[in-house]
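# Overview (structure and organization)
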Amino acid sequence: MVMGDTVQRPGGDAAVVRIHGTNRGLAIATDCTPRYCFADPRTGGAQAVAEVWRNLTAAGAKPLAITDNLNFGSPERPEIMGQFVECVAGIGEACRALDFPVVSGNVSLYNETSGVAILPTPAIGGVGLIEDLGRTATPAFKRDGETIILIGETRGHLGCSAYLRDICGIDAPDRAAGAPPPVDLHAERRNGDFVRTLITDKLVSACHDVSDGGIYVALAEMAIAGRIGARITPPKNRGEDLPIHAWLFGEDQARYVVTAARAEDVYSRAKRAAVPAVAVGTTGGASLTVTGADAISLAALAEAQGSWLLRYMAS
């Protein structure tokens, strides 16, 4: 007998499966950013938990619990044991702040080659509950003409970012990569709880958390998934000292991108909840365009996303 209980396949923020015979579902996500953990193990451990929490929230699920898979080098070396201790401390802080308990886990040590350890990798897997599968969200843009709204505060933090790694060639363990973005667990919980109400009340048609690569990468993923482009207009009040590349690619935490047909409903709710919310563009067209910059066609974005593995394997 075929169950057919897969509701959302992997590829978005979380996979979603139906609880068989009901209209309830479970959302499942895994995350870790090892370069953050190397630069600041405590912050990196907390961020891994917070990102899983965001991924589940972006699907419309209430986060329930996590499991961890702690991967490190030799604990006989003080610096590795220090990474381990601090990552665990950060995980604990985040779990307590987000009411997101650890219910299982495992540890893998001595992950080294010729005395060189892997980056500290405390992988986090999380599960969340969706009470009504008719009230969920996916990252894909759904239709033209909707307002794109950024939830959460943007400061343009580029330390340990994908921008530094891929554009500037600066990555862990290079100390020039700087510090990872700070994790404000109060803001994570406040903003996530707010976004979940928007999804439950069907006020947004798409939702995606902002993580690796910042706002621009999140928008590109949403456009590719929905096969709908967007025109992006960075807010004029983003601050004179924040350059456009930092706004586009900064990896500040506790942020989501949502789309809405009735943007004023989102703004009024955000104001009451003391949650930052600002319009950053409109969906539509066949390209992703930032005001004042060249357009990137969806076809080119989709080709780059779909062909990288073949190019990598052939290299």
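Structural data are supplied above this passage.
Please read all numbers here as calculations on a predicted model, not as lab measurements. (Residues numbered from 1 in each chain as written. Predicted model: local features only at pLDDT ≥ 70, side-chain atom pairs only at ≥ 80, totals over all residues. Heavy atoms only, no water.)

Quick look at the overall build of the protein now. When helices and strands are counted, the protein shows nine helices and 15 strands. Here the protein has a C-alpha radius of gyration of 19 Å; the compact-globule value for 315 residues is 20 Å, and the two agree. If one aligns the C-alpha atoms of the protein with their principal axes, the spans along those axes are about 60 × 50 × 45 Å. Burial status across the protein gives 49% buried among its 315 residues. In the structure as shown, the protein presents an accessible area of about 14800 Å², 55% of it carried by carbon and sulfur atoms. Each charge sign in the protein was given a centre, from 29 positive and 35 negative side chains, and these centres are 7 Å apart. (Helix = DSSP H or I, 4+ residues; strand = E, 2+ residues; numbered from the N terminus. Rg over C-alpha atoms; globule rule 2.2 N^0.38 Å. Buried < 20%, exposed > 50% of the residue type's maximum accessible area, 1.4 Å probe, protein only. Areas by Shrake-Rupley, 256 points an atom, 1.4 Å probe, with all protein chains shown as cover. Lys, Arg positive; Asp, Glu negative; His and termini not counted. Charge placed at Lys NZ, Arg CZ, Asp CG, Glu CD.)

Turning our attention to the packing of aromatic side chains. Enumeration over the complete set of coordinates arrives at three aromatic pairs. A centroid spacing of 5.2 Å and a plane angle of 70° characterise the contact between Phe-72 and Phe-84, whose relative ring orientation is edge-to-face. Note that Phe-72 is positioned in the loop between β4 (62-71) and α3 (78-98) and Phe-84 in helix α3, a separation of 12 residues in sequence. Using a relative accessible area of 1% as the deciding quantity, one classes Phe-72 as buried. On the numbers, 5.3 Å between centres and 25° between planes, the contact of Tyr-163 with Phe-249 is stacked. With Tyr-163 in helix α4 (residues 162-166) and Phe-249 in helix α7 (residues 244-249), this residue pair connects regions lying 86 residues apart in the sequence. Ring pairing ties together the aromatic residues Tyr-163, Tyr-216 and Phe-249, which thus form one cluster. (Phe/Tyr/Trp six-rings, centres within 6.5 Å; stacked < 30°, edge-to-face > 60°.)

Everything listed here is a matter of coordinates, which is why it stays silent on function.
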